[in-house]
There are 2 protein chains.
Amino acid sequence: MSRQGAIEETVARCRQQVNAAIDEDLPVKHPERLYEASRYLLEAGGKRLRPTVLLLSADSLADVEMGSLPYRSFPAADRRDVDVLSAAVSIEIIQSFTLIHDDIMDDDDVRRGVPAVHREYDLSTAILAGDTLYSKAFENILQTGAPADRSVRALSELATTCTEICEGQSLDIEFENAAEVTPEEYLEMVELKTAVLYAAAASLPAILLGYNDAVDSLHSYGLDIGRAFQIQDDLLDLTTPTETLGKQRGSDLVENKQTLITVHAREQGVDVDGLVSAESVETVSEAEIDDAVATLEDVGSIEYARETARRLVESGKDHLGVLPENEAQECLVSIADYLIEREY
Amino acid sequence: MSRQGAIEETVARCRQQVNAAIDEDLPVKHPERLYEASRYLLEAGGKRLRPTVLLLSADSLADVEMGSLPYRSFPAADRRDVDVLSAAVSIEIIQSFTLIHDDIMDDDDVRRGVPAVHREYDLSTAILAGDTLYSKAFENILQTGAPADRSVRALSELATTCTEICEGQSLDIEFENAAEVTPEEYLEMVELKTAVLYAAAASLPAILLGYNDAVDSLHSYGLDIGRAFQIQDDLLDLTTPTETLGKQRGSDLVENKQTLITVHAREQGVDVDGLVSAESVETVSEAEIDDAVATLEDVGSIEYARETARRLVESGKDHLGVLPENEAQECLVSIADYLIEREY
């Protein structure tokens, strides 16, 4: 099997377990409509990359064969059992909560191929569904059975992560109307909005299982690959055919969204706002996008973003030196590579 | 000094300390706009009743003179110092988060005499401000310095409380379009939406300070007085003059909002939706409200609500038997009475 195939199989196996755990940990109960709305986006799909990183991090720390031990009662450094799957569910629940609220803020109609929650239900239900997931994530991470001091540290990590995600989303909105954003400011925003959740996913097993020396390095791994993931998303918006992407290629340019590419191009003197004159993704032509991308290539902005993502992935992989050399550690290396090699 | 005056002085003293602590625990930092929006409603005022209940509960449990010891380093049952003021701030932060999101859902323009956050700022900022306060409340309650096992229990109480508040708000919205709601269903909604935060406020000091035997009784005290508080709010909407109330008397009737009074009246065969024909609070007359209130009095619905609130307050006070007999315990008794004696 190809390396890509092996990763995909591992991710699929983890996804299956995470999905089953979500069903267990977030049952539909009274009031049903609230819980159905809370589960709606989780049921619509998702790669479950972040909880997968968490489970693989646990496997590697414990130095066991991937998936060979039950994640619900996983051996900690002191041999006590810890339910790391609960923590994985918490991470995915937080991700889902942020998507529901972000879709309201961005007035996006579609997510994961289905109507956004505020479209399928209504604004109030979407706000409440997000709020419910928020506290459910905290409730869930208190169910791991880890000793109290580690639970407190895990919950602290999760709470700080959520605050930072809000800060990142706030900066993202601020940047929409900002004349000048530097690459450093953009990368700070991405770190807060996107990367901290990968950092929490990678480091939580070290916290919960009592591998204190590995916490900081795994956190750094997550920060690096999370930022690379977002930059790759920005690149794919420009380089992936519309059919593969599932939305209009170049939509970020049409919507004047800041990306690492446009932020760099503006520094090179490019009139980024004038790159695409079409007012909406419905009216833009592929030729216009082609021309814009050619300009961004000419000034080196595409290569700058690619190089930044590559550098972050290499840095992220270096941090994995803290883990024992094993299959799960290799898989975390491969996931880092995959994040910038993926084509959609 | 009258008993009422003494309570008001105590509440004012606690409010002052809570306000100072909010300034310390929730500073405006980068990104400034987000933190300013998060603090906006907290700065607009509020009685701080819930954090006051928390601080008085701590004073009574420790059996010390009210306000005689610093709440930032308050003696636990085992003589360790615990920062109960951090927990009080968490409770007020949660209250503020729910108000910000509720105002969006109810499309309310004014809160505490100032524009609601989504009016003063915008929808996205209001959602994010609420989300930020949410995680800040959890971060804050981790700063009490209590032993880890008690912190975990406190966190668990706070997370469960937040989930229940969401469930209550969801039921409240559901009831707006429900043909028939029983008094039991209404009281369940009020318990979830309003009373659980009083329950958390009253019981958190027992958890954090290690008075385990008092946790359940103080929780029950909070549930009882919290429900009574909401019923009194419903009564005041009908009985307090518009000028004193700060909004149109009878607005709940105009807006077809379910209250314990209307739920009871419907059971008595009253056509509640037809009680007031005016479509908005701008067009309703005082005479129309007077007639509606007279009907509700005739069928005993006003007295039913008053009696229910009285019964809950008596039950709540009974639960305070778990506390040593002291000044703070008496003050918690008085607060229970005050909640149904207040006129606005």
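Residues numbered from 1 in each chain as written. Chains lettered and ligands numbered in written order. Predicted model: local features only at pLDDT ≥ 70, side-chain atom pairs only at ≥ 80, totals over all residues. Heavy atoms only, no water.

Side note on the packing of aromatic side chains
The description of an aromatic ring pair uses the distance of the two centres, along with the angle that the planes make with each other.
1) Next: For the structure shown, the criterion picks out 12 aromatic pairs over all chains.
2) Next: Each ring, one from Tyr198 of chain B and one from Phe229 of chain B, has its centre 5.5 Å from the other, and the planes form 50 degrees; the classification is tilted. Of this pair, Tyr198 of chain B sits in helix H8 (residues 183-209) while Phe229 of chain B sits in helix H9 (residues 215-239); the two residues are 31 residues apart in sequence, bridging distant segments of the chain.
3) Next: With relative accessibility at 1%, the residue Tyr198 of chain B sits in the buried group.
4) Next: For Phe229 of chain B, a relative accessible area of 11% puts it in the buried group.
5) Next: An aromatic cluster is built from Phe97, Tyr134 and Phe138 of chain A together with Phe97, Tyr134 and Phe138 of chain B, whose rings are joined through pairwise contacts. (Phe/Tyr/Trp six-rings, centres within 6.5 Å; stacked < 30°, edge-to-face > 60°. Helix = DSSP H or I, 4+ residues; strand = E, 2+ residues; numbered from the N terminus. Buried < 20%, exposed > 50% of the residue type's maximum accessible area, 1.4 Å probe, protein only.)

Some points on the side chain of Glu139 of chain A
1) Next: Mapping Glu139 of chain A onto the fold places it in helix H6 (residues 123-141).
2) Next: There is a polar contact of 2.4 Å between the side chain of Glu139 of chain A and the side chain of Thr163 of chain B.
3) Next: Ignoring any residue separated from it by four or fewer positions in sequence, one finds Glu139 of chain A in contact with Ala159, Thr160 and Thr163 of chain B. (Polar contact = N/O pair within 3.5 Å; in protein donor to acceptor, adjacent residues only side chain to side chain. Contact = heavy atoms within 4.5 Å.)

Some details on the relation of the copies chain A and chain B
1) Next: In screw terms, the move from chain A to chain B is a rotation of 180 degrees and a rise of 0.1 Å along the axis, fitting with an RMSD of 0.1 Å. Taken together, these values place the two copies in the relation of a two-fold axis. Ranked by how close their C-alpha atoms come to the rotation axis, the residues of chain A are headed by Ala148 of chain A, at 2.7 Å.
2) Next: Taken together, the interface assignments show that 100% of the residues at the interface of chain A recur at the interface of chain B, consistent with an identical surface on both copies. (Least-squares fit on C-alpha atoms with pLDDT ≥ 70 in both.)

As for the packing of helix H3 (residues 49-62) of chain A against helix H8 (residues 183-209) of chain A
All names here are of chain A.
1) Next: It is the contact of H3 with H8, at a shortest axis distance of 8 Å, that shows an interaxial angle of 30 degrees. Along this stretch, H3 crosses H8, giving a crossing that reads as right-handed. Contact residues: Leu49, Arg50, Val53, Leu54, Ser57, Ala58 and Leu61 in H3; Leu197, Tyr198, Ala201, Ala202, Leu204, Pro205, Ala206 and Leu209 in H8.
2) Next: Tallied by class, the residues present in the contact of H3 with H8 amount to 13 nonpolar, one polar and one charged. (Axes fitted to C-alpha atoms, helices over the stretch in contact; angles between N-to-C directions. Left-handed = near helix turned anticlockwise from the far one by under 90°. Nonpolar A, V, L, I, M, F, W, Y, C, P; charged D, E, K, R; others polar.)

Topic: the interface of chain A and chain B
1) Next: Each partner contributes residues to the interface: chain A has 39 residues there, and chain B has 39 residues.
2) Next: Between chain A and chain B, a total of about 3200 Å² is buried, with carbon and sulfur atoms accounting for 72% of that surface.
3) Next: The partner of Lys29 of chain B in a salt bridge is Glu167 of chain A, and the shortest N-O contact between them spans 3.0 Å.
4) Next: Run the count over chain A and chain B and you get 16 residue pairs in polar contact (both at pLDDT 80 or more).
5) Next: Counting residues per element, the ones that place at least two in the side of chain A that touches chain B are helix H2 (32-43), helix H4 (84-106), H6 and helix H7 (148-176) of chain A.
6) Next: If one sorts the elements of the side of chain A that touches chain B by residue count, H7 of chain A sits on top with 17 residues.
7) Next: Residue classes in the side of chain A that touches chain B are distributed as 20 nonpolar, 11 polar and eight charged. (Buried area = accessible area lost by both parts, 1.4 Å probe. Salt bridge = Lys/Arg side-chain N within 4 Å of Asp/Glu carboxyl O.)

A closer look at a negative patch on the surface
All names here are of chain A.
1) Next: A grouping of Glu180, Glu184, Glu185, Glu188 and Glu267 is seen on the molecular surface, where their side chains present a negatively charged patch.
2) Next: A per-element tally of the negative patch places H8 first, with three residues.
3) Next: Tracing the chain through its elements places Glu185 in helix H8. (Patch = residues over 30% accessible without salt bridge, like charges linked within 9 Å, V, L, I, M, F, W, Y side chains within 5 Å. Areas by Shrake-Rupley, 256 points an atom, 1.4 Å probe, with all protein chains shown as cover. Lys, Arg positive; Asp, Glu negative; His and termini not counted. Charge placed at Lys NZ, Arg CZ, Asp CG, Glu CD.)

Considering the confidence of the model for chain A
1) Next: Considering every residue of chain A, the mean pLDDT works out to 95; 100% of them sit at 70 or more.
2) Next: The ipTM for the predicted assembly is 0.95, set against a pTM of 0.96. (pLDDT = per-residue confidence, 0-100.)

Observations concerning the packing of H4 of chain A against H6 of chain A
All names here are of chain A.
1) Next: Axis separation between H4 and H6 bottoms out at 8 Å; the angle between their running directions is 160 degrees. One element, H4, and the other, H6, form an angle in the roughly antiparallel class. Considering the relative orientation of H4 and H6, their crossing is left-handed. Residues Ser86, Ala87, Val89, Ser90, Ile93, Ile94, Ser96, Phe97, Ile100, His101 and Ile104 of H4 form the contact with H6, whose own contacting residues are Leu123, Ala126, Ile127, Ala129, Gly130, Asp131, Leu133, Tyr134, Ala137, Asn140 and Ile141. (Parallel < 35°, antiparallel > 145°, perpendicular 65-115°, else oblique.)

As for the pattern of salt bridges
All names here are of chain B.
1) Next: With the rule as written, the count across this model stands at 51 salt bridges over all chains.
2) Next: Residue Asp122 is joined to Arg33 by a salt bridge in which the shortest nitrogen-to-oxygen separation is 2.9 Å. Within this pair, whereas Asp122 is found in the loop between helix H5 (117-120) and helix H6 (123-141), its partner Arg33 is found in helix H2 (residues 32-43), the two being separated by 89 residues in sequence.
3) Next: In this structure, the salt-bridge partner of Arg119 is Asp107, at a minimum N-O distance of 2.8 Å. With Arg119 in helix H5 and Asp107 in the loop between helix H4 (84-106) and strand E3 (110-111), the pair connects residues that are 12 residues apart, well separated along the chain.

A few points about unusual backbone geometry
1) Next: Between His30 of chain A and the following residue, Pro31 of chain A, the backbone shows a cis peptide bond with an omega angle of 0 degrees.
2) Next: Tracing the sequence through the fold places Pro31 of chain A in the loop between helix H1 (3-25) and H2.
3) Next: We note that Arg79 of chain A has phi near 75 degrees; this positive angle belongs to a residue other than glycine.
4) Next: Here Arg79 of chain A lies in the loop between strand E1 (74-75) and strand E2 (81-82).
5) Next: With phi around 55 degrees, Asn256 of chain B is a residue other than glycine that occupies positive phi space.

Some details on the environment of Val270 of chain B
1) Next: Looking at where Val270 of chain B falls in the secondary structure, it is placed in the loop between helix H12 (260-267) and helix H13 (286-298).
2) Next: C-alpha separation for the pair Val270 of chain B and Val299 of chain B, spaced 29 residues apart in sequence, amounts to 8.1 Å.

Focus: H2 of chain B
Residues and elements named next belong to chain B.
1) Next: An ideal rise of 1.5 Å per residue puts 16 Å on 12 residues; H2 measures up with 15 Å between its terminal C-alpha atoms.
2) Next: Within H2 the residues assigned to the buried category are Leu34, Tyr35, Ala37, Ser38, Arg39, Tyr40, Leu41 and Leu42.
3) Next: Following H2 by one or two positions, Gly45 adopts a phi angle in the positive range, close to 130 degrees. (Expected span 1.5 Å × (residues − 1).)

Side note on the state of the cysteines
All names here are of chain B.
1) Next: Taken as a whole, this structure holds zero disulfides over all chains when the rule is applied.
2) Next: Its sulfur unpaired, Cys14 is 7.5 Å from the next cysteine sulfur, which belongs to Cys331.
3) Next: According to the relative accessible area criterion, Cys331 is buried, its value standing at 6%. (Disulfide = S-S within 2.5 Å.)

Some details on H8 of chain A
Since there are 3.6 residues in each turn of an α-helix, residues three or four apart along the chain are aligned in direction.
Residues and elements named next belong to chain A.
1) Next: For H8, which comprises 27 residues, the first-to-last C-alpha distance of 37 Å matches the rise-based estimate of 39 Å (1.5 Å per residue) to within 8%.
2) Next: Taken as a whole, H8 carries its principal kink of about 55 degrees at Ala195.
3) Next: Following H8 by one or two positions, Gly210 adopts a phi angle in the positive range, close to 85 degrees. (Bend = angle between axes of the 7 residues up to and from the residue.)

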